[in-house]
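The primary structure of each chain is shown beneath.
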Amino acid sequence: MCQVDEEYNGQLEHRVTPRVSKKCVKCKENTAVLIIRAGDAFCRGCFKEYFIHKFRAMLGKNRVIFPGEKVLLAVSGGPASSSMLSQVQEGLSRDAPKKLRFVPGIIYIDEGGASGQSMEERERAVAQLESVFRATNYHYHIVHLEQVLSLPSSVLEAGSSATEKPQTGSSYKAAVDQFIQTKKNQHPDFSVENAQSHLSSLSMQKVENGVTSPITPEHTQALQRLFASVRTLTAKEDLLYTLRQHLILHTARTQGYTKVMMGDSCSRLAIKLLSNISLGRGASLATDTGFSDPRYGDVVIVRPMRDYSSKEIAYYNRMFDIPSVFIPGLDTKAQDKASIQHLTESFVTKLQTDFPSTVSGGAVMVWGCVTGRHPPPSCITIPAGSS
């Protein structure tokens, strides 16, 4: 039998496991408590500052959300959307150095009717999420998936975007100035410092929250028959995504929201990117994975969490006690779990474990091929040892 140590006499390089027993790369003083990537070790305070800054920078760089706009936060109870809700709370707090200026609302789609949950399980999950939503003092909407069967056909049509504000830097600054000037005219003692307190009061008013309309067993049975008629798990997950989007879009239009925030992380978008290619939807990759999706006209979908990896989100939620609720999905009780989406997620997750640059580098390269834009060389990272 071959003896490696005798043949090479210690010439083999041993992989060094990174340890956290070193200083923070940012403050250079405190001891690091976690390592995000190789060489990126942060202490607790610097990691929180880094996490919050990335969220603010994503919104500030794109300048899609204007002051005073109503923004609907799509929260599923998972780690990414719960972290997004926490970042919005942080940005709207009075202690924030650069406060956000929009009026938030929350929507949760109860998908238990499609995944085979009992009514008791669904009510328990809704009660847990409602306790989280009430703590934010934001207006929230609990929408059952069964309600999609009674939606009007107009939800499939793109709304008019004639009233949409142009997404340029100068127009954004003009909108901010106009917002502040309007409030000064209405309230002479109004200042930039208390602008956010005014917006916070709008979202903290006592409004009627909760379930939009009750459901009946007939509605649930009709929904279950619809999913039972779909043969493969791939088609079922695709159908569930489409119905969910229709409900979110319809709620945003009827309640006066012009933007919808989705909690899609970088890891989730990488899985979605490869899945859509496998499903023959390569033409829409730019809008499916970009920061903003203006295809619906009057309602624009934004993804402020798209620069976060699932690892960063998991660390942040655990370190700062961000509550999340586990909701069973379609594949939880399914006998056949071999869907394109599930297999792609397993493939990307395992590859990311061995090659940490898989998600960020691969997504940037595919994005460049789809959009025809060439990203800067510093953004392209090829996993070490790959070919």
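Chains are numbered independently. Their residues run from 1 in the order of the written sequence. It should be noted that, the model being predicted, local features are given only for residues of pLDDT at least 70 and side-chain atom pairs only at 80 or more, the latter also being counted only at that level, while totals for whole chains, interfaces and linings use all residues. Remark: hydrogens and water are excluded; side-chain values derive from all non-hydrogen atoms of the structure.

1. Quick word on helix α12 (residues 310-319)
Three or more residues of α12 are buried, namely Glu312, Ile313, Tyr316, Asn317 and Met319. We call two residues in contact when some of their heavy atoms are within 4.5 Å. Put simply, DSSP H or I for four residues or longer makes a helix, DSSP E for two residues or longer makes a strand, and each gets a number counted from the N terminus. The secondary structure elements touched by the buried residues of α12 are β1 (34-37), α2 (44-62) and α3 (79-92). A positive phi of about 55° marks aspartate 321, the residue just after α12. Only protein chains enter the accessibility calculation, which uses a 1.4 Å probe. A residue is then buried if its area is under 20% of the maximum for its type, exposed if over 50%, and partly exposed in between.

2. A look at the side chain of glutamine 87
The topology assignment puts glutamine 87 in helix α3. For glutamine 87, a relative accessible area of 1% corresponds to the buried category. Beyond its immediate chain neighbours, meaning those up to four positions away, glutamine 87 contacts Phe51, Ile52, Phe55 and Tyr316.

3. Some points on the packing of helix α9 (residues 233-255) against helix α13 (residues 340-354)
All axes are obtained by fitting lines to C-alpha atoms, using only the stretch in contact for helices, and the reported angles, taken between N-to-C directions, cover 0 to 180 degrees. As a packed pair, α9 and α13 sit with axes 7 Å apart at the nearest point and diverge in direction by 95°. By the criterion of interaxial angle, the relationship of α9 to α13 is roughly perpendicular. On the side of α9, the interface is formed by Thr234, Glu237 and Asp238, while α13 contributes Ile340, Gln341 and His342. Class assignment of the residues belonging to the contact of α9 with α13 gives a composition of one nonpolar, three polar and two charged. Oblique is the label for every angle not falling under 35 degrees (roughly parallel), over 145 degrees (roughly antiparallel), or within 65 to 115 degrees (roughly perpendicular). Think of it as three bins: nonpolar holds Ala, Val, Leu, Ile, Met, Phe, Trp, Tyr, Cys and Pro, charged holds Asp, Glu, Lys and Arg, and polar takes everything else, Gly as well.

4. Topic: a nonpolar patch on the surface
Within this analysis, patches are made of residues with over 30% relative accessible area and no salt bridge. Like charges are joined at 9 Å or less; nonpolar side chains (Val, Leu, Ile, Met, Phe, Trp, Tyr) at 5 Å or less. For every accessible area listed, the method is Shrake-Rupley and the probe measures 1.4 Å; residues are considered covered only by the protein chains on display. Any Lys or Arg side-chain nitrogen located within 4 Å of an Asp or Glu carboxyl oxygen qualifies as a salt bridge. A surface patch of nonpolar side chains, amounting to about 260 Å² of accessible area, comprises Leu274, Ile277 and Phe347. Considering the arrangement of structural elements, one finds phenylalanine 347 in helix α13.

5. A closer look at the packing of helix α8 (residues 217-228) against α9
At their nearest, the axes of α8 and α9 sit 10 Å apart, and the two run at 135° to each other. Considering the angle they form, α8 stands oblique to α9. From α8, Leu223, Leu226 and Phe227 reach across to α9, where they touch Lys236, Leu239, Leu240 and Leu243. Classifying every residue of the contact of α8 with α9 by side-chain character gives six nonpolar, no polar and one charged.

6. As for the pairing of β1
We treat two strands as partners when DSSP finds at least two bridges between them. Sheet topology note: the β1/strand β2 (residues 40-42) ladder contains three bridges and is antiparallel. Considered in β2, the bridge of leucine 34 is made with phenylalanine 42. Following β1, the chain reverses through two residues before pairing antiparallel with β2; glycine 39 in that reversal takes a positive phi of roughly 90°.

7. Some words on the nonpolar core
To qualify as a nonpolar core, a set must consist of buried Ala, Val, Leu, Ile, Met, Phe, Trp, Tyr and Cys residues joined through side-chain atoms within 4.5 Å. One finds Phe42, Phe47, Phe55, Leu73, Val88, Phe133 and Met261 to be the most contacted residues of the largest nonpolar core, which totals 45 residues. The element that contributes the greatest number of residues to this core is α2, accounting for eight residues. Not counting the four nearest positions on each side in its chain, phenylalanine 42 is found in contact with Cys24, Val25, Ala32, Val33, Leu34, Ile36, Phe47 and Tyr50. Listed in part, the 25 residues of the second largest apolar core include Ile109, Val143, Leu223 and Leu243.

These figures come from the coordinates and say nothing about function on their own.
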